[in-house]
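The primary structure of each chain is shown beneath.
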Amino acid sequence: MKYVRATTKGFTLIETIVAIFILSMAMGALLTLAANGFYSVRYARNQIVADNLMQESLEFIRNSRDSSFRSGLDWAAWRASLSGCFSSNGCIVDVYTTGANFIACGSDCPYLSYYENQGIYAYAYNYPFSGEAYETSYVRTIKITESPYDPNQIVVTSTMRWLNGGASRTTAQSVVMTNWSQ
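Remember, predicted model here, so these are calculated numbers, not experimental data. (Residues numbered from 1 in each chain as written. Predicted model: local features only at pLDDT ≥ 70, side-chain atom pairs only at ≥ 80, totals over all residues. Heavy atoms only, no water.)

Q: Any chance you could explain the overall build of the protein chain here in plain terms?
A: A tally of regular secondary structure across the protein chain gives two helices and seven strands. Secondary structure elements of the protein chain, listed N to C terminal, follow the sequence α-α-β-β-β-β-β-β-β. A compact globule built from 182 residues would reach a C-alpha radius of gyration of about 16 Å, whereas the protein chain, at 29 Å, exceeds it by more than 25%. With respect to the principal axes defined by its C-alpha atoms, the protein chain has extents near 120 × 40 × 30 Å. Sequence separation of at least 24 residues holds for 51% of the intrachain contacts in the protein chain that already meet a minimum separation of 6. Carbon and sulfur atoms form 59% of the exposed surface of the protein chain, whose accessible area is close to 11600 Å². Of note, the protein chain has its 13 positive side-chain charges centred 18 Å away from the centre of its 13 negative side-chain charges. (Helix = DSSP H or I, 4+ residues; strand = E, 2+ residues; numbered from the N terminus. Rg over C-alpha atoms; globule rule 2.2 N^0.38 Å. Contact = heavy atoms within 4.5 Å. Areas by Shrake-Rupley, 256 points an atom, 1.4 Å probe, with all protein chains shown as cover. Lys, Arg positive; Asp, Glu negative; His and termini not counted. Charge placed at Lys NZ, Arg CZ, Asp CG, Glu CD.)

The structure is reproduced here in structure tokens:
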């Protein structure tokens with residue numbers, strides 16, 4: 001009786017190791033791509049929030065000027081209400097407070113808090129609403145300077161600073177406001 005040796009084809013150890021290496025490289029590339037996608041989404045969301053908060057402060061100051069003029073306050077009196085914003089450290093614009101809306105920053109402006117149940121970013125004091133808030137990494141600073149061209153104009157600059165992951169980001173926008181009551 002003859003023994004027939006069955007020959008089966010299979011993978012050698014070297015082939016298996018090479019296949020696992022190629023598979024792990026492909027998986028690593030896909031995970032890196034996914035992580036970069038999440039980073040980009042977070043950066044875009046943070047940039048949109050910062051831009052909206054910056055725009056909110058500029059619109060609030062513009063509305064303050066217009067409302068003051070309609071109520072009979074003159075340019076000099078309205079500018080006096082912004083006195084802390086003319087300092088080198090700037091001020092904050094507290095849109096939702098029941099107290100003063102323009103508060104000098106001192107050495108550094110405070111972080112904004114996020115009130116999740118209202119869906120707003122605000123500072124943690126003097127509010128007509130309640131709810132739990134958590135501190136964000138957003139810092140909004142308003143600085144006002146005299147216009148070099150016209151004594152009836154001021155330059156309002158809103159700067160937002162925040163953390164995106166471990167990296168610090170900053171964006172700023174300026175508008176010129178005019179004493180249109182003259």
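So much for the structure itself; the text now carries on.
Q: Can you walk me through helix H1 (residues 13–70) in this structure?
A: Structurally, the α-helix is built with 3.6 residues per turn, so residues lying three or four positions apart point the same way. Its 58 residues give H1 an end-to-end C-alpha distance of 85 Å, which sits within 8% of 86 Å, the value for a rise of 1.5 Å per residue. Positive phi shows up at Gly72, right after H1, with a value of about 100 degrees. (Expected span 1.5 Å × (residues − 1).)

Q: How do you make sense of the side chain of Ser158 when you look at a structure like this?
A: Checked against the element boundaries, Ser158 lands in strand E6 (residues 153–164). With relative accessibility at 0%, the residue Ser158 sits in the buried group. Within the structure, Ser158 has its side chain in polar contact with the side chain of Ser57 (distance 2.9 Å). In contact with Ser158, other than residues within four places in its own chain, are Met54, Ser57, Leu58, Arg140, Thr141, Ile142, Thr171, Ala172 and Gln173. (Buried < 20%, exposed > 50% of the residue type's maximum accessible area, 1.4 Å probe, protein only. Polar contact = N/O pair within 3.5 Å; in protein donor to acceptor, adjacent residues only side chain to side chain.)

Q: Is there a simple way to explain the state of the cysteines in this structure?
A: In total, this model carries two disulfides according to the counting rule given. One disulfide bridge connects Cys105 with Cys109, the sulfur atoms lying 1.8 Å from each other. With the S-S bond torsion at 85 degrees, the cross-link from Cys105 to Cys109 turns out right-handed. For Cys105, a relative accessible area of 11% corresponds to the buried category. For the protein chain, the bonded cysteines connect in the pattern 1-2, 3-4 when numbered consecutively along the sequence. (Disulfide = S-S within 2.5 Å.)

Q: Quick question: what am I supposed to make of the pattern of salt bridges here?
A: Pairs may arise between side chains of opposite charge once their charged atoms sit close together. All chains considered together, the criterion is met by five salt bridges. Of the charged contacts, one joins Arg140 and Glu56 as a salt bridge, the two residues approaching to 2.9 Å between their closest N and O atoms. Taken as a pair, Arg140 in strand E5 (residues 133–146) and Glu56 in helix H1 lie far apart in primary sequence, 84 residues in all. For Arg140, a relative accessible area of 1% gives the class buried. For Glu56, a relative accessible area of 23% gives the class partly exposed. Here Asp108 ties to Arg161 by a salt bridge, and the two come within 4.0 Å at their closest N and O atoms. Linking Asp108 in the loop between strand E2 (102–104) and strand E3 (111–115) with Arg161 in strand E6, this pair joins segments that are 53 residues apart in sequence. On the accessibility criterion, Arg161 (31% relative accessible area) is partly exposed. (Salt bridge = Lys/Arg side-chain N within 4 Å of Asp/Glu carboxyl O.)

Q: Looking at this structure, how should I read the pairing of E3?
A: For a regular strand, side-chain orientation follows a simple rule: the groups alternate between the two sheet faces. Taken across its five residues, E3 has four buried, putting it largely inside the fold. Two strands pair when backbone bridges link them, and E3 and E5 are joined in this way by four bridges, in the antiparallel orientation. Each residue of the ladder has a partner; that of Tyr111, found in E5, is Val139. Where E3 meets strand E4 (residues 120–122), three bridges bridge the pair, whose relative direction is antiparallel. Note that in E4 the partner of Tyr114 across the bridge is Tyr121. Between E3 and E4, which pair antiparallel one after the other, the connecting turn spans four residues, and Gly119 there sits at a positive phi close to 70 degrees. (Pairing = 2+ DSSP bridges.)

Taken by themselves, the reported measurements are silent on function.
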